[in-house]
2 protein chains.
Amino acid sequence: MRPTVHDIAEAAGVSLATVDRVLNRRPGVRQSTIGRVEEAIARIGYVRDLAAANLAKRRIYPLVFILPEGPNAFMRALEAAVLEAKTRSAIERTDIRLLTIPPFDAQALAQALDTLDLSELAGVALVATEAGAVREGVARLHDAGVPVVTLVSDLPNSRRDHYVGIDNVAAGRTAASLLGRFVGNCRGKIAVVAGSMLVRDHVERRMGFDQVMHAEFPALDVLPVLEGLDDGATVARVLAGCLEAHPDVVGVYSLGAGNRGMIEVLEARGVGRAISVVAHELSDHARKALTSGTIDAVINQDAGHEVRSAIRVMKARADGLPPVDDQERIRIDIFLRDNLP
Amino acid sequence: MRPTVHDIAEAAGVSLATVDRVLNRRPGVRQSTIGRVEEAIARIGYVRDLAAANLAKRRIYPLVFILPEGPNAFMRALEAAVLEAKTRSAIERTDIRLLTIPPFDAQALAQALDTLDLSELAGVALVATEAGAVREGVARLHDAGVPVVTLVSDLPNSRRDHYVGIDNVAAGRTAASLLGRFVGNCRGKIAVVAGSMLVRDHVERRMGFDQVMHAEFPALDVLPVLEGLDDGATVARVLAGCLEAHPDVVGVYSLGAGNRGMIEVLEARGVGRAISVVAHELSDHARKALTSGTIDAVINQDAGHEVRSAIRVMKARADGLPPVDDQERIRIDIFLRDNLP
DNA sequence: CATTTTTTGAGGTACGTAAATCATCGATGC
DNA sequence: GCATCGATGATTTACGTACCTCAAAAAATG
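For clarity, every value in this text was computed on a predicted model and none was experimentally measured.

Each value, and the rule that gives it
- Residues numbered from 1 in each chain as written.
- Chains lettered and ligands numbered in written order.
- Predicted model: local features only at pLDDT ≥ 70, side-chain atom pairs only at ≥ 80, totals over all residues.
- Heavy atoms only, no water.
- Helix = DSSP H or I, 4+ residues; strand = E, 2+ residues; numbered from the N terminus.
- Buried < 20%, exposed > 50% of the residue type's maximum accessible area, 1.4 Å probe, protein only.
- Contact = heavy atoms within 4.5 Å.
- Areas by Shrake-Rupley, 256 points an atom, 1.4 Å probe, with all protein chains shown as cover.
- Lys, Arg positive; Asp, Glu negative; His and termini not counted.
- Charge placed at Lys NZ, Arg CZ, Asp CG, Glu CD.
- Buried area = accessible area lost by both parts, 1.4 Å probe.
- Salt bridge = Lys/Arg side-chain N within 4 Å of Asp/Glu carboxyl O.
- Least-squares fit on C-alpha atoms with pLDDT ≥ 70 in both.
- 1 Å grid on protein atoms, 1.4 Å probe; cavity = no way out; pocket = protein on both sides within 12 Å on 5 of 7 lines; lining within 4 Å.
- Points joined across faces, edges and corners; volume = space filled by probe spheres on them.
- Nonpolar A, V, L, I, M, F, W, Y, C, P; charged D, E, K, R; others polar.
- Core = buried A, V, L, I, M, F, W, Y, C linked by side-chain atoms within 4.5 Å.
- Near = heavy atom within 4 Å.
- Polar contact = N/O pair within 3.5 Å; in protein donor to acceptor, adjacent residues only side chain to side chain.

Engineer: Would you explain the overall build of chain A in this entry?
Structural biologist: Of the regular secondary structure elements, chain A holds 15 helices and twelve strands. Structurally, chain A occupies a C-alpha span of about 85 × 40 × 35 Å along its principal axes. Classification of the 341 residues of chain A by burial places 55% in the buried group. Contacts in chain A between residues at least 24 apart in sequence constitute 67% of all its contacts with a sequence separation of at least 6. Of the roughly 14800 Å² of accessible surface on chain A, a fraction of 53% belongs to carbon and sulfur atoms. Of note, chain A has its 40 positive side-chain charges centred 4 Å away from the centre of its 44 negative side-chain charges.

Here it is in structure tokens:
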């Protein structure tokens, strides 16, 4: 049988009330007594029954997700995953609130962080935008004892507790590795389409991509980044211009959103698909393009997994428990036509 | 506030005892009364508090994992994952027992199933071997109300409740897709090394591989399967023989275990690595070979995820709850040198 | 030493559910 | 009209923990 608080009391030679005071860090216990109780806990291997504790406490975990609004398919997928998690709130004792804010708008994000009611919040998950004000907001949350998790786009050197998302440098390297081999031996140019070079994940992908391209595929010439603002129409415009200016483009790496625009342009070019394509995020459009052969590989991060992982991590941190690292590592998914889920 | 059993009693106009009888399917309630209670449950949206119920019941989940013994690195990884899960038993209310049996031995597996004490078992997870006796054992477990989960290798047309593992046909297709593009335009032969064509997952991978090879890479000639029995030494022997007999081999697909042998042979051939290689399972050897360039891609299934998924599914089924399908889908991981975890 | 303050003990109630006992009521059969 | 039986109610205890009150003991203070 698993030891209980009663066993601690007996083992430490104190009363139940004292054990309770120690366990829940209530005042009024001599330091030496605390030591005795803690020694007994360690000795008999007591672990608190979280379920029973939560029952007694009537605990629920109030969590907040802050996501950018707008058409970005991946962000909408995240949103859907959050809403899906909300349906399991009763079972999981969570109370999930979803805030959406204008995309690429650090001020709005910082302000959203400011207006949160910190008392009794069990965690905040946000898609970070780089800015001092955001860093400060995160620090304030953290210092108030609220676990903070960055989602998809990290905020290094901040007080965030955890990052849920892929290693974007590795993702960029992987894209280069695939694209380089897919285009084969031929020389030519590579077009790179990003959303904005102000968002950390896009910068990192680009960095990883360049590393591998330069080191391993010197025959390929990587063109300057096209910024498509994660918007289909813009992507279509800039990419079409690029392909016209450079008829010898043999590969395209789309590292942001707005793939719809890229797909349109490539499919309009007609049959001779001498262009290999690697893109990010498995949206419906990307999936179709993968099936039809317009896109050769899609690098994906699973929105559902990320949201569930964020919830697990916030709950664990709120309880003062360590997360299962191995379980919480978000993997870089590579989808070809043949392993589509 | 979430409704409780008391609220049901009030809403249905019956006593707590009757609600309890209905909820726990105890006898002694008229059908019409059952109907009234169930209507009230649906109306007020009651969901049982599993944590409280498990506390009251002193429930633990006795689970059994049956794995093949032997040197197969992936099976050992599964075993490690089971032992790791065991360390979380106290928190997760599980009581995990691990049985190992001789590999490729359906009789031993069937016998292991026979000797299980079915009363109070919350689930059995097994790496299936194809055989009638195994199917019967699974059926007996299922009929006794014990959830059965197949792990890694499925047993279709059996009474198993769930399969935890990848789609092996898709894995084979993916391997072909990668290998076909990696070898580029050149003609040549492809060597395929399997463990045994008696194991379903190997057969399925081979099938998927052939599909794509024939359809999309007609310039490549797939040689008959070499059986390496998932054993390094055997793999080395048969593969070395094959490469000698066919100097024009340009690609190798290793769909079973024993990659150590393959790596030795390929690295012994020396520098001119004109051979592209796709293998399965990210063992330490495979990882090193990936880094050094001997292997180009590894297709992997995450043992830790599989074990955790199996546990979640068995617990859910034991509680009569539906698993979260999306969460339990095991993905085909593709690792290149650049996205190694 | 007496007094105040701190520390500890004893005991209770609550959380939401399970499971048991015992009493009650109505209908049935004889 | 009495015994029997099925259905239902009323009530209690328990699970492991949290949290509260009140009293008692111990320690610190003057």
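Engineer: It is not clear to me how the side chain of A:Asp333 should be interpreted in this structure. Could you clarify?
Structural biologist: By the secondary structure assignment, A:Asp333 is in strand 12 (residues 333-335). Excluding its chain neighbours within four sequence positions, the residues that come into contact with A:Asp333 are A:Val298, A:Ile299, A:Asn300, A:Asp302, B:Arg331 and B:Asp333.

Engineer: Would you mind going over the interface of chain B and chain A with me for this structure?
Structural biologist: One frequently used descriptor of interface size is the decrease in accessible area upon assembly of the parts. Facing 38 residues of chain B, the contacting portion of chain A comprises 37 residues. Interface area, chain B with chain A, both sides summed: about 3700 Å², of which 49% is carbon and sulfur. If you sort the residues of chain B by the area they bury against chain A, B:Arg181, B:Arg331 and B:Asp338 come out on top, with a joint share of 20%. At the surface where chain B touches chain A, the tally comes to 14 salt bridges. A salt bridge links A:Asp296 to B:Arg181, with the nearest nitrogen and oxygen atoms 2.8 Å apart.

Engineer: Just to check I follow, could you spell out the relation of the copies chain B and chain A for this structure?
Structural biologist: Between the two copies of the chain lies a rotation about an axis combined with a shift along it. Relative to chain A, chain B is turned by 180° and slid 0.0 Å along the rotation axis, the superposed coordinates differing by an RMSD of 0.1 Å. The superposition of one copy onto the other is thereby described by a two-fold rotation axis.

Engineer: Where do I start with empty space enclosed by the protein in this structure?
Structural biologist: A probe matching the size of a water molecule, rolled over the atoms, marks out where space remains unfilled. One pass over the full model with this rule turns up two cavities of 30 Å³ or more. Approximately 240 Å³ is the volume attributed to the largest cavity. Those elements giving two or more residues to the lining of the largest cavity turn out to be helix 14 (303-318) and helix 15 (325-328) of chain A together with helix 14 (303-318) of chain B. For the lining of the largest cavity, the per-class residue count stands at two nonpolar, six polar and ten charged. There is about 30 Å³ of room inside the second largest cavity.

Engineer: Explain the nonpolar core here, please?
Structural biologist: Here is a general trend for soluble globular proteins: nonpolar side chains tend to be buried in one another's company. One finds A:Phe65, A:Leu78, A:Phe209, B:Phe65, B:Leu78 and B:Phe209 to be the most contacted residues of the largest nonpolar core, which totals 104 residues. Once you skip the residues sitting within four places of it in the chain, A:Leu78 turns out to touch A:Leu67, A:Val127, A:Leu151, A:Val152, A:Ala303, A:Glu306 and A:Val307.

Engineer: I would appreciate a short explanation of the protein's contact with DNA strand C in the present structure.
Structural biologist: Neighbouring residues of DNA strand C: 28 residues in total, closest A:Ser15, A:Thr18, A:Arg30, A:Thr33 and B:Tyr46. The share of sugar and phosphate among atoms of DNA strand C within 4 Å of the protein is 73%. Between A:Ala56 and DNA strand C, the recorded distance is 3.2 Å, taken from a backbone N or O atom to a base oxygen. Between DNA strand C and B:Asn24 there is a distance of 3.3 Å, counted from a phosphate oxygen to a side-chain nitrogen or oxygen.

Engineer: What exactly am I supposed to notice about the protein's contact with DNA strand D here?
Structural biologist: Taken together, 28 residues are adjacent to DNA strand D, and A:Tyr46, B:Ser15, B:Thr18, B:Arg30 and B:Thr33 come closest. Restricting attention to atoms of DNA strand D within 4 Å of the protein, one finds that 71% of them are sugar or phosphate atoms. Separating a base oxygen of DNA strand D from a side-chain N or O atom of B:Arg21 is a distance of 2.9 Å. The set of elements that each furnish at least two residues to the surface near DNA strand D consists of helix 1 (5-12) and helix 4 (50-57) of chain A together with helix 2 (16-23) and helix 4 (50-57) of chain B. For the surface near DNA strand D, the element with the highest residue contribution is helix 4 of chain A, accounting for four residues. Residue classes in the surface near DNA strand D are distributed as twelve nonpolar, eight polar and eight charged.

These figures come from the coordinates and say nothing about function on their own.
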